[in-house]
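Here's the letter readout for the chains.
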Amino acid sequence: MSPCLFSTYSQSENRVTSTFLAVLSSLSLNLMQQIIGAMIGDEVELISFTNQPAIKRQQYHSVPDAMISGDFKILIETKLQQNAVEEDHIRRHQEHLRNRKNAYLVILTPDPTCPRVVENISRKDPRVVWCSFNQINNIINDLFENGSEVISEKDAFLLKNFQMLLDLENLLSQPEVLIVPARFAWSHYLNTSSYICQPNRSFKKTKYIAFYNEGKIMKKVPKILKTVNEVVFGEKGNFEVLSGDWSQSDEKEFSVKMKEVVKESIDSSLYKAGESHKVLLLTGPEEEGTITINNEIPNDSVDKNGAPTAFVQRQRYTPLEKLMRAEKTSDL
């Protein structure tokens with residue numbers, strides 16, 4: 001019998017894992033294999049799903065939360081808290097892999113970056129793989145956004161509801177950097193220390209913004225000082241805030257900067273008086289608060305046919321620590 005989508009497990013880890021397996025097993029085979037393949041970085045097929053697999057407890061002294069198997073084996077160990085992975089626990093699970101090449105142990109956690117204990121183990125045994133709930137959320141987002149896969153209403157419903165579960169369970173660690181396409185926005189940032197887009201555009205709350213321009217992420221990562229959802233641009237730098245996110249203290253702290261941004265934006269001929277926009281006031285390229293990463297990060301994204309594709313078309317998010325270490329976009 002297939003596992004129930006609304007799991008009766010009392011422990012939260014088992015409930016989340018069981019729901020994840022139920023969603024996967026209910027998807028079309030191609031979607032299911034794409035998600036699992038993205039998690040482990042390998043192609044998979046002929047999958048079966050088992051919650052709390054009946055493995056010889058006496059021999060290995062541990063029971064993983066779930067098992068995915070076919071002509072290969074994937075064990076899943078789930079943690080719902082950051083910094084909760086224990087080396088002894090992972091080592092005991094690792095024993096289940098034996099000498100099989102087509103076997104994996106996936107450590108699923110809400111940590112923003114790979115826990116050091118997993119990183120150390122996976123250096124010697126690449127079959128031990130870390131995956132975050134953020135990564136799963138991004139994998140699902142990519143399926144919806146890349147347009148290469150026709151997703152049925154049923155599959156879309158299941159995937160969206162699983163994303164809602166991740167959010168409700170607070171398993172999506174707060175992303176620190178918003179990445180936006182910046183064909184014109186990059187040069188505009190250099191001139192105005194701001195990012196401007198359509199009014200009331202929805203972003204997750206982040207501390208920093210990065211610009212993707214001409215096939216690479218630029219080195220300057222400014223801090224977001226203030227976000228205003230709807231600002232009407234006027235002549236000579238005058239402006240009117242139509243949203244409720246501009247307080248008296250904001251007026252005192254950011255009014256001069258906003259006037260400069262509005263004036264320079266209209267003078268650039270990219271924007272016109274009377275238009276309304278969302279405005280992110282940012283630290284300047286050389287100001288305190290702006291982070292400079294070591295190198296520009298080139299895009300190496302390709303579609304399923306191997307053709308180059310844009311890394312970001314609307315917006316993406318990544319932990320700052322990951323951005324600082326990345327050498328190419330596939331590292332994010």
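As shown above, the structure is provided for reference.
Parameters at a glance
- Residue indices follow the written sequence of each chain, beginning from 1 at its first position.
- Side-chain atom pairs in this predicted model are given and counted only at pLDDT of 80 or more, local residue features only at pLDDT of at least 70, and totals for whole chains, interfaces and linings cover all residues.
- In computing side-chain properties, one takes all heavy atoms of the structure into account and sets aside hydrogens as well as water.
- Counting from the N terminus, the helices are DSSP H or I runs at least four residues long and the strands are E runs at least two residues long.
- Under the scheme applied here, a residue whose accessible area is under 20% of the maximum for its type counts as buried, over 50% as exposed, and between as partly exposed, the area being computed with a 1.4 Å probe on protein chains only.
- When checking whether two residues touch, look at their non-hydrogen atoms; a contact exists if any pair is within 4.5 Å.
- Only four residue types enter the charge count, namely Lys and Arg as positive and Asp and Glu as negative; His and the chain termini do not.
- Here the site of a charge means atom NZ of a Lys, CZ of an Arg, CG of an Asp or CD of a Glu.
- When DSSP finds two or more bridges between two strands, those strands count as paired.
- We define a salt bridge as a contact between a side-chain nitrogen of Lys or Arg and a carboxyl oxygen of Asp or Glu at a distance within 4 Å.
- Here the axes come from fitting lines to C-alpha atoms, over the contacting stretch only for helices, and the angles between their N-to-C directions go from 0 to 180 degrees.
- The set of buried Ala, Val, Leu, Ile, Met, Phe, Trp, Tyr and Cys residues whose side-chain atoms join them within 4.5 Å is what this entry labels a nonpolar core.
- Under the pairing criterion, centres of Phe, Tyr and Trp rings, with the six-membered ring standing for Trp, must be within 6.5 Å; the plane angle then separates stacked pairs below 30 degrees from edge-to-face pairs above 60, leaving the rest tilted.
- What a helix is expected to span follows from its residue count: subtract one and scale by 1.5 Å.
- In this description, the term disulfide denotes a pair of cysteine sulfurs within 2.5 Å.
- Any pair of N or O atoms that falls within 3.5 Å is considered a polar contact. Within protein, one atom must be able to donate a hydrogen and the other to accept it, and sequence-neighbouring residues count only if both atoms are side-chain atoms.

### What to know about the overall build of the chain
Consideration 1: Check the secondary structure of the chain and you find 10 helices and 16 strands.
Consideration 2: Projected onto its principal axes, the C-alpha coordinates of the chain cover approximately 75 × 40 × 40 Å.
Consideration 3: Residue burial in the chain is summarised as follows: out of 332 residues, 51% are buried.
Consideration 4: Within the chain, counting contacts between residues at least 6 apart in sequence, those at least 24 apart form 67% of the total.
Consideration 5: Charged side chains of the chain number 39 positive and 43 negative; the gap between the two group centres comes to 3 Å.

### Points about the sheet that holds strand β9 (residues 216–217)
Consideration 1: With respect to topology, five strands assemble into an open sheet ordered β15-β9-β8-β6-β16, the strand pairing being mixed. The open sheet terminates on both sides in strands that have one partner only, identified here as β15 (297–298) and β16 (316–318).
Consideration 2: The pairing of strand β8 (residues 208–213) with β9 spans two bridges and is classified as antiparallel. Pairing of Asn213 across the sheet is with Lys216, part of β9.

### So, the environment of Pro112
Consideration 1: Mapping Pro112 onto the fold places it in the loop between β4 (103–109) and α5 (116–124).
Consideration 2: Measuring from C-alpha to C-alpha, the distance between Pro112 and Asn295 comes to 22 Å, with 183 residues separating the pair along the chain.
Consideration 3: Not counting residues within four places of it along the chain, the set of residues in contact with Pro112 comprises Gln82, Trp130, Ser173 and Pro319.

### As for the pattern of salt bridges
Proximity of charged atoms lets side chains of opposite charge pair with each other.
Consideration 1: Counting across every chain of the model gives 11 salt bridges.
Consideration 2: Residue Lys79 is joined to Glu77 by a salt bridge in which the shortest nitrogen-to-oxygen separation is 3.5 Å.

### Points about the sheet that holds strand β13 (residues 276–282)
Consideration 1: Spatially, the four strands line up as an open sheet ordered β7-β13-β11-β12, and their pairing is antiparallel. Sheet topology places β7 (194–197) and β12 (239–241) at the edges, where each strand pairs with a single neighbour. Put simply, the sheet's adjacent strands are angled 40 degrees from each other on average, direction ignored.
Consideration 2: Seen against the sheet, helix α8 (residues 185–192) touches β7 and β13 and runs at an angle of roughly 135 degrees to β7.
Consideration 3: Packed onto the sheet, helix α9 (residues 248–267) meets β7, β11 (224–233), β12 and β13 and runs at close to 60 degrees relative to β11.

### Points about the nonpolar core
Consideration 1: Ranked by size, the top nonpolar core spans 37 residues in total, and within it Leu24, Leu27, Met39 and Ile74 carry the most contacts.
Consideration 2: Mapped by element, the contributors of at least two residues to this core are α1 (12–26), α2 (29–40), β2 (66–69), β3 (73–78), β4, β5 (128–132), α6 (133–146) and α7 (153–168).
Consideration 3: If we skip the residues at most four places from it in the chain, Leu24 touches Met32, Ile35, Ile36, Phe49 and Ile68.
Consideration 4: Counting residues in each nonpolar core, the second largest holds 16 residues, with Tyr195, Ile209, Met218 and Tyr317 among its members.

### Re the packing of aromatic side chains
Consideration 1: Under the definition given, this model contains nine aromatic pairs.
Consideration 2: When the centroid spacing of 5.8 Å and the interplanar angle of 85 degrees are considered together, the rings of Phe239 and Trp246 count as edge-to-face.
Consideration 3: For Phe239, a relative accessible area of 19% gives the class buried.
Consideration 4: Aromatic ring contacts, followed pair by pair, group Trp186, Tyr189, Tyr195, Phe203 and Phe211 into a single cluster.

### Digging into α1
Consideration 1: Spanning 15 residues, α1 covers 21 Å between terminal C-alpha atoms, matching the ideal 21 Å at 1.5 Å per step.
Consideration 2: All of the buried residues along α1 are Asn14, Val16, Thr17, Ser18, Thr19, Phe20, Leu21, Ala22, Val23 and Leu24.

### Structural notes on the environment of Asp245
Consideration 1: Structurally, Asp245 can be placed in the loop between β12 and α9.
Consideration 2: A residue is classified by how much of its surface remains accessible, and Asp245, at 19% relative accessible area, is buried.
Consideration 3: Considering only alpha carbons, one finds Asp245 and Thr227, 18 residues apart in sequence, at a separation of 7.9 Å.
Consideration 4: When residues no more than four places from it in sequence are discounted, the contact partners of Asp245 are Lys226, Thr227, Val228, Asn229 and Asp250.

### Some thoughts on unusual backbone geometry
Consideration 1: The phi angle at Lys236 is positive, at roughly 60 degrees, despite the residue not being glycine.
Consideration 2: Of note, the phi angle at Ser269 is positive, near 70 degrees, even though the residue is not glycine.
Consideration 3: Structurally, Ser269 is set in the loop between α9 and β13.
Consideration 4: Note on Ser269: relative accessible area 62%, which makes it exposed.

### So, the state of the cysteines
Where two cysteines share a covalent bond between their sulfur atoms, that bond is called a disulfide.
Consideration 1: Inspection of every chain in the model, using the stated rule, returns zero disulfides.
Consideration 2: Looking at the unpaired Cys114, the closest cysteine sulfur is the one in Cys131, lying at 10 Å.

### Regarding the environment of Asp125
Consideration 1: Note that Asp125 resides in the loop between α5 and β5.
Consideration 2: In the structure, Asp125 is positioned 38 residues away from Gln163 in sequence and 30 Å away in space, judged by C-alpha atoms.
Consideration 3: With near-sequence residues (within four places) excluded, Asp125 lies in contact with Gln94 and Leu97.
Consideration 4: Of note is the side chain of Asp125, whose polar atom sits 2.9 Å from the side chain of Arg127.

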